[in-house]
Amino acid sequence: MIEPKKGKWRRIFMIIVILLVAFVGIVILLAYPHTPAITDSKGNKIPGSIAKLEKIKIGSVDQWILMRSENTENPILLFLHGGPCLSEMGLVRHYNSELEKNFIVVNWDHRGAGKSYSKKLANSPMTIEQFVSDGHEIVEYLKNRFHKDKIYLVGHSWGSLLGMLTISRYPESFYAYVGIGQCSNMPEGERISYEYTLEMAKKSNNQKAVKELEDIGYPVNGVYKDGYSGTITQRKWLIKFGGSLYDKNSWNPLIKRILLTKEYSLIDRINFLKVANMPSKIKMMETEILRINLIKKIPEVRIPIYFFLGRHDYEVPSVVAEKYFEIIKAPKKELIWFEESAHFPCYEEADKFNKLMVGKVLAETN
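Anyway, here's the lowdown on the structure attached to this text. (Residues numbered from 1 in each chain as written. Predicted model: local features only at pLDDT ≥ 70, side-chain atom pairs only at ≥ 80, totals over all residues. Heavy atoms only, no water.)

1. Describing unusual backbone geometry
To keep it simple, the criterion reads: Where helices and strands are cited, they refer to DSSP runs of H or I of at least four residues and of E of at least two residues respectively, numbered from the N terminus.
Cis geometry is adopted by the peptide bond preceding Pro84, which originates at Gly83 and carries an omega value of 5 degrees. Relative to the assigned elements, Pro84 resides in the loop between strand 3 (76–80) and helix 2 (89–95). Despite not being glycine, Ser60 has its phi angle at roughly 65 degrees, a positive value. Looking at where Ser60 falls in the secondary structure, it is placed in the loop between strand 1 (50–58) and strand 2 (61–69). One non-glycine residue, Cys85, adopts positive backbone phi at about 70 degrees. Within the element layout of this structure, Cys85 appears in the loop between strand 3 and helix 2.

2. Focus on the packing of helix 7 (residues 207–216) against helix 8 (residues 228–240)
For any two helices packed against each other, the geometry is given by the interaxial angle and the distance between the axes. What counts here: In this analysis, axes come from line fits to C-alpha atoms, helices being fitted only over the stretch in contact, and the angle between any two N-to-C directions falls in the range 0 to 180 degrees. Under this scheme an angle from 65 to 115 degrees is roughly perpendicular, one under 35 degrees roughly parallel, and one over 145 degrees roughly antiparallel; angles in between are oblique. Left-handed describes a crossing whose near helix is turned anticlockwise from the far helix by less than a right angle; the clockwise case is right-handed. The contact criterion used is simple: two residues touch if any of their non-hydrogen atoms lie within 4.5 Å. Residue type decides the class: Asp, Glu, Lys and Arg count as charged, Ala, Val, Leu, Ile, Met, Phe, Trp, Tyr, Cys and Pro as nonpolar, and the leftover types, Gly among them, as polar.
Contact pair helix 7 / helix 8: the axes reach a minimum separation of 10 Å and the direction vectors enclose 155 degrees. With respect to helix 8, the axis of helix 7 lies roughly antiparallel. In this structure, the crossing between helix 7 and helix 8 has a hand that is left-handed. Facing helix 7, whose interface residues are Lys208, Ala209, Glu212, Leu213 and Ile216, helix 8 presents Gly230, Thr233, Gln234, Lys236 and Trp237. Partitioned by chemical class, the residues of the contact of helix 7 with helix 8 number 4 nonpolar, 3 polar and 3 charged.

3. Observations concerning the packing of aromatic side chains
The condition that has to hold: Centres within 6.5 Å are what make two rings of Phe, Tyr or Trp a pair, Trp counting through its six-membered ring; a difference in plane orientation under 30 degrees is then read as stacked, over 60 as edge-to-face, and the rest as tilted. Charge-over-ring contacts are defined here by two conditions on Lys NZ or Arg CZ: a distance within 6 Å of the ring centre and an angle within 35 degrees of the ring normal.
Under the defined criterion, the tally for this structure stands at 14 aromatic pairs. Residues Trp251 and Phe344 carry aromatic rings whose centres are separated by 5.6 Å and whose planes lie at 90 degrees to one another, so their mutual orientation is edge-to-face. Placement of the pair is Trp251 in the loop between helix 8 and helix 9 (252–259) and Phe344 in the loop between strand 8 (333–338) and helix 14 (345–348), with a sequence separation of 93 residues. Here a set of aromatic residues connected by ring pairs shows up, and it is made of Tyr95, Trp251, Phe344 and Tyr347. Of note, Lys115 hangs over the ring of Trp64, and the distance from its end group to the ring centre comes to 4.7 Å.

4. Description of empty space enclosed by the protein
Going by this rule: Put plainly, a pocket is an open set of points on a 1 Å grid over the protein atoms alone with protein on both sides within 12 Å along at least five of seven lines, a cavity is a set where a 1.4 Å probe fits but cannot get out, and a lining residue has an atom within 4 Å of a point. Grid points are joined across faces, edges and corners, and a volume is the space filled by probe spheres set on the points.
Throughout the structure, instances matching the rule amount to 4 cavities of 30 Å³ or more. Forming the boundary of the largest cavity are Gln182, Cys183, Ser184, Asn185, Met186, Gly189, Glu190, Glu315, Val316, Pro317, Val320 and Ala321. At the level of secondary structure, the elements contributing two or more residues to the lining of the largest cavity comprise helix 6 (186–203) and helix 13 (318–327). Counting residues per element, the lining of the largest cavity draws most heavily on helix 6, which supplies 3 residues. Of the residues belonging to the lining of the largest cavity, the class tally is 6 nonpolar, 4 polar and 2 charged. In terms of lining residues, the second largest cavity is bounded by Leu86, Glu88, Leu91, Trp251, Leu254, Ile255, Ile258 and Phe344. Ranked by the residues each element gives to the lining of the second largest cavity, the list is headed by helix 9, at 3 residues. When grouped by side-chain class, the residues that make up the lining of the second largest cavity number 7 nonpolar, no polar and 1 charged.

5. Some words on the sheet that holds strand 5 (residues 151–156)
Our working definition: Strand pairing requires that DSSP identify at least two bridges connecting the strands.
Reading across the sheet, the 8 strands line up as 1-2-4-3-5-6-7-8 and stay open at both edges, with mixed pairing between neighbours. Of all strands in the sheet, those with a lone pairing partner are strand 1 and strand 8, marking the two edges. Neighbour to neighbour, the strand axes of the sheet diverge by 20 degrees on average, direction disregarded. Inspection of the sheet shows strand 2 paired to strand 4 (residues 104–109) by 5 bridges, in the antiparallel sense.

6. A short note on the layout of surface pockets
Counted as a void, the largest pocket has a volume near 730 Å³. If you go around the largest pocket, you meet 33 residues; those closest to its centre are Leu86, Tyr228, Ile232, Trp251 and Lys281. Looking at the lining of the largest pocket element by element, the count peaks at 6 residues for helix 8. Within the lining of the largest pocket, the residues separate by chemical class into 20 nonpolar, 8 polar and 5 charged. Within this model, the second largest pocket holds a volume of roughly 200 Å³. For the second largest pocket, the full set of lining residues is Ser60, Val61, Asp62, Arg111, Ser118, Lys120, Leu121, Ser124, Pro125, Met126, Thr127 and Gln130. For the lining of the second largest pocket, the secondary-structure elements that each account for two or more residues are strand 2 and helix 3 (119–123). For the lining of the second largest pocket, a count of residues per class yields 4 nonpolar, 5 polar and 3 charged.

This is the structure:
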């Protein structure tokens, strides 16, 4: 039986309407950043909890923080992301939400990162000193807001460099520090990272990788002859050979989690992808970050420290962080290995990380 024309067009019209509604719904969802309330098993908001995205003025620049906890009486845990300028808000939200039961978990998008990105910042000079100043300012803001004397600090990758500099300068503000993918002697780490990647390229007989790596040459004092573009080339192949995410050859699973976070608007997602080529970040990498040696700069700290290291990390090689751990003096220090992780143990072995943060770090230092 042939369908009447009127019915056929009505059906087409309804399909178009449904598709348009779905499209508009997706656009609204992506465009409207929010963080869900913390609820009980019945879906009711937990009294005394906090779930808030907030824009604050730090270092005369608008910067964003995300604060989440089941109880605002909990101690504060400030997470310093990597990069620089590589927000991990979506990763912490996905992999480490269990910590919200025992901490006020605060994710801070540093200047130029994620929600704190702007075209002006992308081209304005950045220095390590400015980030340390920003970090101190945000710590003081959190202490005053929640009426706390001290907080916990976690630093990942670039955030671990920032974290060590911050606790060294302001030890009175912290119960303890946890370093993940811990930076230490950056020039030595870059050399080891390069050698590992070249060795893996030769073992796998990947002639393209070998050629590109030999073309950029060995890094001198942490920097390649082509500057940061050489670092990008080396990291591309390092990721391919599993030195960044253990047993994986792509960051795609992590990037997906970051871009899907509800706390990001559509513009935030676009801005996140712009960070790789930020002139200000590249300049700071070449002139400061890749050249720094914390073994010489910070041989001692005055608070308890924990290094959580991925056994297979060759992005910021854990073997160099281990040497730093053996040398550094602290009132209490402990190194814990994550045997099935590379540079991201807090996400690669999230359950282990979450349990250690509560059962060890919090239990031993609060």
